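# Fold and contact review
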Amino acid sequence: MDLTLYLPVLIFALVAGGLVLGLLVLSHLRAKRLPTKAKNLAYECGFDPLDYKTPPFNIGFYLVGLLFLLFDVEVIFLFPWAVTLSKTGQYGFFSMVFFLGILTIGFIYEWKKGVLDWT
Amino acid sequence: MVLELFGRVALAIIFLLLLVAYLIYVERKIIAAIQRRKGPNIVGFFGLLQPFADALKLLHKETIVPSLSPKILFLLAPVLTFFFSFMAWAVIPIGAGYVFADISVGLLYLMALTSLSGYGILIAGWASQSTYALLGSLRSAAQMISYEISLSLVLVPVLLLSGSLNLTAIVEAQQNLWFIIPLFPMFVIFLISVFAETNRAPFDLPEAEAELVAGYHVEYTSMSFAFFFLAEYANMILMSAMATILFLGGWLSPCEGLIHLPGPVWFCLKISLVLFLFMWVRASFPRLRYDQLMRLGWKVLLPFSFAWVILTAGVVVLTQ
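Residues numbered from 1 in each chain as written. Chains lettered and ligands numbered in written order. Predicted model: local features only at pLDDT ≥ 70, side-chain atom pairs only at ≥ 80, totals over all residues.

### Points about the overall build of chain B
The secondary structure content of chain B amounts to 11 helices and 0 strands. Listing every helix and strand of chain B by position from the N terminus yields α-α-α-α-α-α-α-α-α-α-α. Against the compact-globule benchmark of 20 Å for 320 residues, chain B has a radius of gyration of 20 Å, which places it among compact chains. Seen along its three principal axes, the alpha-carbon backbone of chain B occupies a region of about 65 × 45 × 45 Å. Every one of the 320 residues in chain B was classed for burial, and the buried ones make up 51%. Of all intrachain contacts in chain B linking residues separated by at least 6 positions in sequence, the fraction that spans at least 24 positions is 78%. (Helix = DSSP H or I, 4+ residues; strand = E, 2+ residues; numbered from the N terminus. Rg over C-alpha atoms; globule rule 2.2 N^0.38 Å. Buried ≥ 20, exposed ≤ 12 C-beta atoms within 10 Å, placed from the backbone. Contact = placed C-beta atoms within 7 Å.)

### Description of the overall build of chain A
Summing up its helical and strand segments, chain A has 2 helices and 0 strands in all. Counting only residues that meet the buried cut, chain A has 13% of its 119 residues in that class.

### Thoughts on the interface of chain B and chain A
Listed per partner, the contact involves 60 residues of chain B and 53 residues of chain A. Listed by contribution, the elements that provide at least two residues to the side of chain B that touches chain A are helix 1 (2-34), helix 3 (71-87), helix 5 (131-162), helix 9 (222-246) and helix 11 (290-318) of chain B. With 13 residues, helix 5 of chain B is the single largest residue contributor to the side of chain B that touches chain A. Of the residues belonging to the side of chain B that touches chain A, the class tally is 40 nonpolar, 14 polar and 6 charged. (Nonpolar A, V, L, I, M, F, W, Y, C, P; charged D, E, K, R; others polar.)

### Re the packing of helix 3 of chain B against helix 9 of chain B
All names here are of chain B. Two elements in contact, helix 3 and helix 9, have axes separated by 8 Å at closest approach and are oriented at 25 degrees. The angle between helix 3 and helix 9 places the two elements in the roughly parallel class. Of the two possible hands of crossing, helix 3 and helix 9 adopt the one that is left-handed. Note on element contacts: helix 9 touches helix 3 through Ser224, Phe227, Phe228, Leu230, Ala231, Ala234, Asn235 and Leu238, opposite Leu75, Pro78, Val79, Thr81, Phe82, Ser85 and Phe86. A breakdown of the residues in the contact of helix 3 with helix 9 according to their chemical character gives 11 nonpolar, 4 polar and no charged. (Axes fitted to C-alpha atoms, helices over the stretch in contact; angles between N-to-C directions. Parallel < 35°, antiparallel > 145°, perpendicular 65-115°, else oblique. Left-handed = near helix turned anticlockwise from the far one by under 90°.)

### Some remarks on the nonpolar core
Counting residues in each nonpolar core, the largest one holds 117 residues, and the members touching the most others are Phe12 of chain A together with Phe83, Met87, Phe227, Ile237, Ala243 and Leu246 of chain B. Not counting residues up to four positions away in its chain, the partners in contact with Phe227 of chain B are Val20 of chain A together with Pro78, Val79, Thr81 and Phe82 of chain B. (Core = buried A, V, L, I, M, F, W, Y, C linked by C-beta atoms within 7 Å.)

### Topic: helix 3 of chain B
The first and last C-alpha atoms of helix 3 of chain B sit 24 Å apart over 17 residues, in line with the 24 Å expected at 1.5 Å per residue. Along helix 3 of chain B, the sharpest kink reaches roughly 25 degrees, centred on Ala77 of chain B and followed within four residues by the proline Pro78 of chain B. Most of helix 3 of chain B sits out of view: 12 of its 17 residues are buried. Listed as buried for helix 3 of chain B are Phe74, Ala77, Pro78, Val79, Leu80, Thr81, Phe82, Phe83, Phe84, Ser85, Phe86 and Met87 of chain B. The inward-facing, buried residues of helix 3 of chain B abut helix 1 (7-30) of chain A together with helix 1, helix 4 (106-128) and helix 9 of chain B. (Expected span 1.5 Å × (residues − 1). Bend = angle between axes of the 7 residues up to and from the residue.)

### Some thoughts on the confidence of the model for chain B
All names here are of chain B. Per-chain confidence: chain B averages 85 in pLDDT, with 97% of residues scoring 70 or above. Mean pLDDT values for the elements of chain B range from 66 in helix 8 (residues 209-212) up to 89 in helix 7 (residues 184-197). Taken over the whole predicted complex, pTM reads 0.89, whereas the ipTM for its chain interfaces reads 0.83. (pLDDT = per-residue confidence, 0-100.)

### Focus on unusual backbone geometry
Residue and element names in this part refer to chain B. Of note in this structure, Arg36 is not a glycine but carries a positive phi near 55 degrees. If you trace the backbone, Arg36 turns up in the loop between helix 1 and helix 2 (50-59). In this structure, Ser222 takes a positive phi of about 55 degrees despite not being glycine. Among the secondary structure elements, Ser222 is positioned in helix 9. Residue classification places Ser222 among the buried residues on the basis of 22 C-beta atoms within 10 Å.

### Some words on helix 2 of chain B
Residue and element names in this part refer to chain B. Burial in helix 2 covers these residues: Gln50, Pro51 and Leu58. Down the axis, helix 2 shows its buried residues gathered within 100 degrees of arc, on one side only. Summarising the contacts, the buried residues of helix 2 are in contact with helix 1 and helix 9. (Arc of directions from axis to C-beta.)

### Quick look at the environment of Gly60 of chain A
Inspection of the secondary structure assignment puts Gly60 of chain A in helix 2 (residues 60-113). Along the primary structure Gly60 of chain A and Asp117 of chain A are separated by 57 residues, whereas in three dimensions their C-alpha atoms are 9.7 Å apart.

### Focus: the environment of Tyr233 of chain B
Residues and elements named next belong to chain B. Relative to the helices and strands, Tyr233 is located in helix 9. The exposure class assigned to Tyr233 is buried, which follows from the 21 C-beta atoms found within 10 Å. Ignoring sequence-local partners within four residues, the contact set of Tyr233 consists of Val20, Leu23 and Ile24.

Here it is in structure tokens:
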């Protein structure tokens, strides 16, 4: 593997990072700062916030994250298969159909259980 | 050699920044035209200096860090978002050989960076310690990961046809037939997923002005806000570039007669076309409800792109 191919990526990271930090510093230098107590409160329609802790959130988001994890791993598994399918031919095709068949059973189960319905 | 590369990269990034700034201007103009308004027309000729005025104004605004927020995380979030959206450009080929890093896993690199940009939004929402910001960022993250699955599934048929993860090779595989023709349904799904992935209308629920004020960037001001804003538009251009490379034949000219126009020109024209679509859609469609958005992602796009992956694979194997 030729790592010099990745050198421009590193330089991109350095330049982009330098630019973003530079702009941040520039804004700090140029902008006036007059903090007051009311200004530094979190925004809540002009009132003082009712609550000073991190607000609770719907557990449904966690479920979506879990589903994403499963499917993303499976998609990553598809990538190398897709690139080499012309070499693996029918054997590769039917192996993947078998794997996706199992996955589809799981997907139908999720669907029937109502996991995919947002409430 | 390295120094020269530094210079070229710096030029490219500055050019991109300008492009992003003018994309915002063009969007305001197009939406104004669709709504029969004038749009920005005061600063400079036809309002052409408006992006600079906006940038200078934002630079001189006060940075407000909410007193309950972890300061480092709060400042880090927009920096990360901005950083990732510009990093991705290292692998985009704008013409035959016009690419900084012609790495063999270009597409994976792009997918990795688009996934990472979710972190910026999550950190921003959490670090703001505000109800609106947290809700907005959670919605945004859930939406991004839901549509990321169909987005990456759409890439699989393209990989099946091109047989490579290298972006230059993918474009060259379209020499005879652009992938938009055999894979048209995938192109449509790709566009829908991209609208959701970049949090654009009609999927701009994270910012839903009417209910969440501005979603995850409620608490942000000054340059930090500008970073989020620029990153959003830079991501739009990036996604248009991806659509161009994967489906519209990259820098290839559409017909024999026009082959003399250089590749990068074609590339820019195609990107502009996709970007115009972004704006047109924004001006034309109302925002979806959140449950509709989730249903579309998980119950419509996902099974459909699954089926299409199998179908394409079957056709590839049969025609070997």
